[in-house]
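# Observations on the three-dimensional arrangement
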Amino acid sequence: MDSTPDAIDALLGDGPRRQAPLPEPAERARLREEYGLTKAETARALGVSTSTFTTWESGRREPQGDGRAAYARLLEGMADRLTPTEPAQESEPAPAPAAQAPSLEAPVTAAAQPVMLDQHPDGSLVMAPPLPCVQCGQPSVYRAQGVPMHLGGFCRPAAAVQAATAEHTAPAPVVERHTRVEPAGPSQAALEALARHPDVTIVPIAPGAGPVAVPSSRPAAASSRARKPAAKKSAAKKAAAEAGPGDWELAAAARFPAGPLAVVDVAPSGKALVAYLADGTAAATVPTGRTLADLVEWALGAGLGSARLNRHGKDGDALVVLTDAALAELGLPPLGRDEKREFVPRLGQLPKSHRVVKQLEKSGWLLTQRGLGPWARIYRTPEDGKRVCVQLCIPAWGALATGGWQISDSTDAPGLARLLGTYATRVLTPRGSTAVSGLDLVTALRPPTKAVRTEAGWTSGPVEGSRPRDAFDPAPPEVPEMHPLAQGREPGGALVTEAWDWCRFLTDREAAAPFAVGLDVNMAFLAAAGRLTLPLSGPVHELNPAFDKRVPGSWLVDLSHVETDPLLPSPFTADGSRPTGPAWYSTAKLAYATELGADVRPLEAWLRHESGPYLDPWHKHLRAAYLDTMAALGVPADLADRDPVAFLDAMAGLKATGDPAELAVLTAIKQTAKGTIGKMRERPRGLDYRYGERWAALERPTWDPLMRALVVDTATVNLHRKLRRMAADTGLHAIAVLSDCAVFAAPGPGALDVLTTPDGTLTTALRLGVSPGLVKFEGSRPMAEVAELLAGGANPARHIKTGGVVSADE
């Protein structure tokens, strides 16, 4: 025999293992419905799918292990709370609490002496056949110090006790019966479901300890109220969700009382470093150690950081921005060309032999492969799964000089803190260029994985609506020419997706007009991303497939027969010319071709059969940030509808009268939206890249040229649809288009000269407004100047804003 006495003792030590008893299926459903819970929310609390919970409740399948214990606990709690209170008998004397179970010693005698429910060595609760609870006399399967007791204080007072307490006008003090809860898992989720009841509060029992459930101090009358019907409860939950953040959001935000970032400068006295927080106010003086390692330790202890944007995501790391003076105070070199004494942009990071880098290593800190450069990550090896990381931003090394940031060199430390803090609050704590920050925002809102409890323990599982954590290659037609999959690709075998660059010659009527007026679509790519169906899986090749506008992909089809207005650009090509034969198109363009009445018959396709509105949270988040910034600049979202002239005046004076910090934030938000889409097809960088090899960006799950193509093509299709309606409403056709700017011949130099219909009303085809997808006035030029540009082969849309100078908004 291979067994040993120790092994036998270990098996016997925990006592008999019995499954938690469950009521009959009909009783399970009755308890849930009477308590006012839906199947979906109950399933979420138990950490299972709705379909799995349905089989549990109907009895078609019995839960096992921790899932069964959690379900039993939830059912017991609901049954206990729904037990009707018996009427008090005034003639009966109130017995002492100990009389409920004279043969057992009550495990809890005072709030100052909390006890825990008995647990197995693995942390699971000890359960046994139901016996009367020593507190209330009702049956309980749980034990505390070996005697029956209810979970977390969910006892119902005995009738005699209620009779005694009913004589008092104030409720009797509640004795807190503390119960240790596992830190995670279905049992924790079930307890949280119970804790949402108004009579239950979750509190910590000690610093660093897990949460516990205790009865609230509400009067007994409050605890006996019946639950509202499920429909009303759902409406209340929806209203609460609209009113403010959820519990997990509030808890996450509470972890970072100092805000997302700090700008560190030398104090006016010159004897210390001072940190300015996101609102521009000065925090406590930074410790006087004056080394970068000391500064990192201070940032972690000061409560800097940002709350996660998705309950399954990660909290944002603290960001520390160093002014030029602080840079010198910490022993870091200025920008220059001397590799020994200065930071050289060409190298991208300080040499590993630099004394500051060695100080960090000596203090136990590590740097990523990017090293100590303009944007650096300083971290320690995670302990117990807790992330320990601080981001560093060094403007003197060019961190904010490019990459979508347009910040004046004269901005002082408090102003820089307020500017970056505003961006961090509305968008995301900066993590590099605006494009990098935008791509990180996508992942922060759509994390690829979440923790999932299984019978074998915790593991990673996919998040619904997100892309997988591991990248997959796109289809050969979608990749740029240097990609390995593009090598050997036949001419014309690429999916060509670029924004319009188109113009045409003027008609006699247009040439006689005195002005050309440009209208620009606000945040066109961002507007196109809302609710757009995007791929969530790799491509599948199919021959002669039937077109389905619900399936994102690349399709080889001939659209040369599709008729469109010759005075408008073709929506199917980047230069606006008519297609001449079979070519690759995205789903967005083929769907529009069918909308125009075309018979679409693809020859082959690369399709994604898993899809969803992947960028929709990103779209909503950035849209809100953009509108909030415009409102802060004095242009609310409804101004154009209320007073179009006031809207045009406000937009015209924006740069002259607007807050420079808010204007910088506005530019950063625009560049974040545009840069995010560009990053989805990022090309290789660096002089050492060899044509046809893979590059680092390909390993990102968000690197997918088809996603970019679908967004750009949807923006193109949206604008073409509006130009068609514009021609029908006003009789005006665009004479030039560059990306999201369209130019029209007009009788006057203003936007209203273009947008006014013959009956004197404003067209809604191109609607004035600040929201993404609406239009604003871009500029106007005399028609003679525009005609000269056209004769020279130049696109007037490129020069409509300033005349001869490329628009800063392109």
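Note: the structure precedes this text.
Position labels on residues start from 1 in each chain and follow its written sequence. Local features in this predicted model are restricted to residues whose pLDDT is 70 or higher, and side-chain atom pairs enter the listing and the counts only when it is 80 or higher, whereas totals over whole chains, interfaces and linings include all residues. Think of the side-chain values as coming from all heavy atoms in the structure, minus any hydrogens and water.

Every second residue of strand 21 (residues 604-607) is oriented toward a common face, the buried set being Ala 605 and Leu 607 and the non-buried set Glu 604 and Trp 606. Strand pairing requires that DSSP identify at least two bridges connecting the strands. Secondary structure counts use DSSP, requiring at least four H or I residues in a row for a helix and at least two E residues in a row for a strand, with both numbered from the N terminus. Inspection of the sheet shows strand 19 (residues 553-558) paired to strand 21 by 4 bridges, in the antiparallel sense. Looking across to strand 21, one finds that Gly 553 is bridged to Leu 607. Under the scheme applied here, a residue whose accessible area is under 20% of the maximum for its type counts as buried, over 50% as exposed, and between as partly exposed, the area being computed with a 1.4 Å probe on protein chains only.

A word on the sheet that holds strand 19. Spatially, the 4 strands line up as an open sheet ordered 18-21-19-20, and their pairing is antiparallel. Each having just a single partner strand, strand 18 (540-543) and strand 20 (582-586) make up the two edges of the open sheet. In this sheet, neighbouring strand axes are inclined to one another by 20° on average, regardless of whether the strands run parallel or antiparallel. Contacts: residue pairs with any heavy atoms within 4.5 Å of one another. Whenever a helix is involved, its axis is fitted only over the stretch in contact; in every case the axis is a line through C-alpha atoms, and angles between N-to-C directions fall within 0 to 180 degrees. Helix-sheet contacts for helix 18 (residues 587-595) involve strand 19 and strand 20, and the interaxial angle to strand 20 is about 105°.

Attention now moves to the nonpolar core. Core analysis: the biggest nonpolar cluster contains 95 residues, and Leu 420, Leu 615, Trp 618, Ile 669, Leu 723, Phe 744 and Leu 766 have the highest contact counts within it. The dominant element in this core, judged by the number of residues it contributes, is helix 24 (residues 705-730), at 10 residues. Apart from the residues within four sequence positions on either side, Leu 615 is in contact with Val 442, Ala 529, Leu 534, Ile 677, Met 680 and Val 711. Only buried Ala, Val, Leu, Ile, Met, Phe, Trp, Tyr and Cys residues count toward a nonpolar core, and they belong to the same one when joined by side-chain atoms within 4.5 Å. One finds Val 266, Val 286, Leu 360 and Ile 378 within the second-largest nonpolar core, a separate group that totals 35 residues.

For the rest of this paragraph, the subject is unusual backbone geometry. Of note, Asn 544 is a non-glycine position whose phi angle comes to about 50°, a positive value. Looking at where Asn 544 falls in the secondary structure, it is placed in the loop between strand 18 and strand 19. For Asn 544, a relative accessible area of 58% translates into the label exposed. Its identity as a non-glycine residue notwithstanding, Ser 739 has a phi of 55°, on the positive side. Here Ser 739 is to be found in the loop between strand 23 (734-738) and strand 24 (741-746).

All right, on to the packing of aromatic side chains then. Pairs were defined over the aromatic rings of Phe, Tyr and Trp, the Trp ring being its six-membered one, requiring ring centres within 6.5 Å. Orientation was assigned from the angle between planes: stacked under 30 degrees, edge-to-face over 60, tilted for the rest. Under the defined criterion, the tally for this structure stands at 8 aromatic pairs. A centroid spacing of 4.9 Å and a plane angle of 70° characterise the contact between Phe 547 and Trp 555, whose relative ring orientation is edge-to-face. Clustering of aromatic rings is evident, with ring pairs tying together Phe 53, Trp 56 and Tyr 71. Here, a charge over a ring means that NZ of Lys or CZ of Arg falls within 6 Å of the ring centre while also lying within 35 degrees of the ring normal. Between the NZ or CZ atom of Arg 380 and the centre of the ring of Trp 365, over which it lies, the distance is 4.0 Å.

On to helix 13 (residues 355-362). For an α-helix, the turn length of 3.6 residues means that residues three or four places apart are oriented alike. Within helix 13 the residues assigned to the buried category are Val 356, Val 357 and Leu 360. The arc that holds the buried residues of helix 13, viewed along the axis, is 105°, so those residues lie on one side. Where the residues of helix 13 are buried, they touch helix 11 (292-301), strand 10 (366-367) and strand 11 (375-379). Positioned one or two residues after helix 13, Gly 364 has a phi angle of 90°, which is positive. To obtain the arc, one takes the directions from the helix axis to the C-beta atoms.

Just distances and angles here, no functional claims.
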